[in-house]
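Observations on chain architecture
Residues per chain are reported as follows:
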Amino acid sequence: MPAIDIQLLEGVFSPEEHARLIEEVTAGFRRVAGETLAANLSVRVHEIRSGAWGYGGTVLRTEDGQAMRERG
């Protein structure tokens, strides 16, 4: 059934924050799709190794993700 994958840099979010992301994404999906589909939703959090993700030719590291969080 429905699946949502969340990709994050490793070490930027705590395990408790991973759980909260799963709960909040599921709640949002439930509001849009209804209870039956939400009950069958799979949400997966994938941590990407520092330095193994980039965009526009820029390599992202854990420190970059932490700095982004600090900026809000």
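Our structure's up above, just so we're on the same page.
Okay, so let's go over this structure. Treat the numbers as computed from the prediction; the structure is a model and nothing was measured.

Attention shifts here to the overall build of the protein. Scanning the protein for helices and strands turns up 3 helices and 4 strands. The secondary structure elements of the protein, listed N-terminal to C-terminal, are β-α-α-β-β-β-α. Rg of the C-alpha trace for the protein: 14 Å, well past the compact-globule value of 11 Å for 72 residues, more than 25% over. Counting only C-alpha atoms, the protein reaches 40 × 20 × 20 Å along its principal axes. Residues classed as buried in the protein amount to 19% of the 72 residues present. For the protein, the share of sequence-separated contacts (at least 6 apart) that also reach a separation of at least 24 residues comes to 67%.

A few words now on the side chain of H18. One can find H18 in helix α1 (residues 15-33). With residues near it in sequence (within four places) discarded, H18 still touches L8, F13, V45 and E47.

Turning to the environment of I6, a few remarks are in order. Looking at the element boundaries, I6 is found in strand β1 (residues 3-9). Judged by relative accessible area, which is 15%, I6 ranks as buried. Not counting chain neighbours up to four residues away, the residues in contact with I6 comprise L21, V25, V43, R44, V45 and H46.

What follows concerns the pattern of salt bridges. What the rule picks out here adds up to 4 salt bridges. Salt-bridge contacts for R44 lead to D5; the nearest nitrogen and oxygen are separated by 2.7 Å. Here D5 lies in strand β1 and R44 lies in strand β2 (residues 42-48), a separation of 39 residues in the sequence. Among the residues examined, D5 registers a relative accessible area of 42% and is labelled partly exposed. Between R20 and E24 there is a salt bridge, with its nearest N and O atoms 3.9 Å apart. With a gap of 4 residues between them, R20 and E24 both fall in helix α1, about one helical turn apart. R20 sits in the exposed class, given a relative accessible area of 55%.

Conventions and cut-offs
Residues numbered from 1 in each chain as written. Predicted model: local features only at pLDDT ≥ 70, side-chain atom pairs only at ≥ 80, totals over all residues. Heavy atoms only, no water. Helix = DSSP H or I, 4+ residues; strand = E, 2+ residues; numbered from the N terminus. Rg over C-alpha atoms; globule rule 2.2 N^0.38 Å. Buried < 20%, exposed > 50% of the residue type's maximum accessible area, 1.4 Å probe, protein only. Contact = heavy atoms within 4.5 Å. Salt bridge = Lys/Arg side-chain N within 4 Å of Asp/Glu carboxyl O.

These results come straight from atomic positions and should not be treated as a statement about function.
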